[in-house]
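# Descriptive structure summary
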Amino acid sequence: MLRYMYIDESGDLGGKGSKYMVLAALLIDEPRNLDRIIKNMRRNKFKKELRKAAEIKADKSSDAVIKYMLQKLNEMKGAKIFYIVLEKKKLFSDFLKNDKHKLYNYVAGKLARNIMLNNMDILIKIDKSKGKQMLREDFNGYFTNCLTEKSVTIKATIEHSYSHAWSGLQFADILAWSCFQKFEHSNSEYIDLIKLEQEVYHVW
């Protein structure tokens, strides 16, 4: 059985900037269902707004687009959402503070350790923002090791690409942003629209 996971983040890892950083992972059975939603939005309901947008990003979209995507996501049977929340003021490790790539991997690894999957192949898709091939390989190895710690007989493959290439990453962006609003701005109106099974974890 093959399932798909899409991972994106909201907030930043810098010493200043946001107080929180959130990673969201969307687990689904059939990505074509998400492709269909985006295609339909572009052709019909949000044709005018999305005409010049190469991809849908929460911080560049209207309230109507964000809420529509969250509500359509509720129709995805068997889908599940996982979040990991980093509160940056609790980060005391200079090693992690001084290396954003290591910090990102550390947070992603914490997320992976909380996801238990059994008897499946999983294709994980993540935004190509990690830059150099060496950094991507470093992430792949670490995340896969963390994911398979508690999971049983799974085969995980990780692919990196730009988010406009995969509808699932655009949904993951919306989910990460919605969870970020709750913690950064005490605004849960978006995350409250989600009726799918959700699990929220904290780095500490």
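These lines cover the structure that appears in this document, whether it is placed above or below. (Residues numbered from 1 in each chain as written. Predicted model: local features only at pLDDT ≥ 70, side-chain atom pairs only at ≥ 80, totals over all residues. Heavy atoms only, no water.)

### Quick look at the sheet that holds strand 4 (residues 118-127)
Put simply, the rule reads: For two strands to be treated as a pair, DSSP must find no fewer than two bridges joining them. Only runs of H or I of at least four residues qualify as helices and only runs of E of at least two qualify as strands under DSSP, and these elements are numbered from the N terminus. Helix axes are fitted to C-alpha atoms over the stretch in contact, other axes to C-alpha atoms as well, and angles between N-to-C directions run from 0 to 180 degrees.
One open sheet holds the six strands; their spatial order is 5-4-1-2-3-6, and the pairing between them is mixed. Both outer strands of the open sheet, strand 5 (152-161) and strand 6 (197-202), are each paired with one neighbouring strand and no more. Each neighbouring strand pair of the sheet contributes to a mean axis angle of 20°, computed without reference to strand direction. Examined bridge by bridge, strand 4 and strand 5 share nine bridges and lie parallel to one another. From the neighbouring strand, Ile-124 faces strand 5, where its bridge partner is Ile-158.

### What to know about the nonpolar core
To be explicit about the condition: As used here, the term nonpolar core means buried Ala, Val, Leu, Ile, Met, Phe, Trp, Tyr and Cys residues forming a set that is joined through side-chain atoms within 4.5 Å. Between buried and exposed lies partly exposed: a residue is buried under 20% and exposed over 50% of the maximum accessible area for its type, with that area taken using a 1.4 Å probe on protein chains only. Contacts: residue pairs with any heavy atoms within 4.5 Å of one another.
Ranked by internal contacts, the top residues of the largest apolar core, which has 42 residues, are Met-41, Leu-73, Tyr-83 and Leu-175. Elements with a minimum of two residues in this core: strand 1 (2-11), strand 2 (20-28), helix 1 (31-43), helix 3 (63-73), strand 3 (80-87) and helix 7 (167-185). The biggest single contributor to this core is helix 7, with ten residues. Setting aside residues no more than four positions away along its own chain, Tyr-83 makes contact with Val-22, Leu-23, Ala-24, Leu-111, Leu-175, Cys-179, Ile-191, Ile-194, Gln-198, Glu-199, Val-200 and Tyr-201. Counting 32 residues, the second largest nonpolar core, distinct from the first, contains Leu-13, Leu-96, Ile-124 and Ile-158.

### Quick notes on the packing of aromatic side chains
Note the threshold: Pairing of aromatic rings covers Phe, Tyr and Trp, the last through its six-membered ring, and needs centres within 6.5 Å; plane angles under 30 degrees mean stacked, over 60 mean edge-to-face, and all others mean tilted.
Throughout the structure, instances matching the rule amount to six aromatic pairs. A ring pair is formed by Tyr-20 and Phe-183, whose centres lie 5.8 Å apart and whose planes are at 45°; its orientation type is tilted. Taken as a pair, Tyr-20 in strand 2 and Phe-183 in helix 7 lie far apart in primary sequence, 163 residues in all. The same class applies to Tyr-20 and to Phe-183, which are both buried. Ring centres of Tyr-106 and Trp-204 lie 6.4 Å apart, and the angle between their planes is 35°; on these two criteria the pair is classed as tilted.

### Some points on the side chain of Asn-140
The condition is simple: Identification of polar contacts relies on pairs of N or O atoms within 3.5 Å, with a donor-acceptor requirement for protein atoms, meaning one able to donate a hydrogen and the other able to accept it, and with residues adjacent in sequence counted only if both atoms are side-chain atoms.
For Asn-140, the location among the structural elements is in helix 6 (residues 133-147). Within polar-contact distance, the side chain of Asn-140 engages the side chain of His-160 at 2.7 Å. Once residues lying within four places of it in the same chain are set aside, the contact partners of Asn-140 are Ile-158 and His-160.

### Section: the pairing of strand 2
Burial runs high along strand 2: nine of the nine residues are buried. What you see with strand 2 is no split at all: Tyr-20, Val-22, Ala-24, Leu-26 and Ile-28 on one side and Met-21, Leu-23, Ala-25 and Leu-27 on the other are buried throughout. Of the strand pairs in this sheet, strand 1 and strand 2 are connected by eight bridges, and their pairing is antiparallel. Bridging from a neighbouring strand, Glu-9 pairs with Leu-23 of strand 2. Strand direction decides the pairing type here: strand 2 and strand 3, joined by eight bridges, are antiparallel.

### Some thoughts on the environment of Leu-91
With respect to the secondary-structure elements, Leu-91 resides in the loop between strand 3 and helix 4 (94-97). Under the relative-accessibility criterion, Leu-91 is labelled buried at 6%. For the pair formed by Leu-91 and Trp-204, sequence separation is 113 residues and the distance between their alpha carbons is 8.8 Å. Not counting residues up to four positions away in its chain, the partners in contact with Leu-91 are Leu-96, Lys-97, Leu-103 and Trp-204.

### Side note on unusual backbone geometry
One non-glycine residue with positive phi stands out, namely Asn-119, at about 55°. Examined against the element boundaries, Asn-119 turns out to sit in strand 4. Asn-119 gets classed as exposed once you look at its relative accessible area, which sits at 56%. Phi is positive for Ser-186, which is not a glycine, with a value near 50°. A residue is classified by how much of its surface remains accessible, and Ser-186, at 68% relative accessible area, is exposed.

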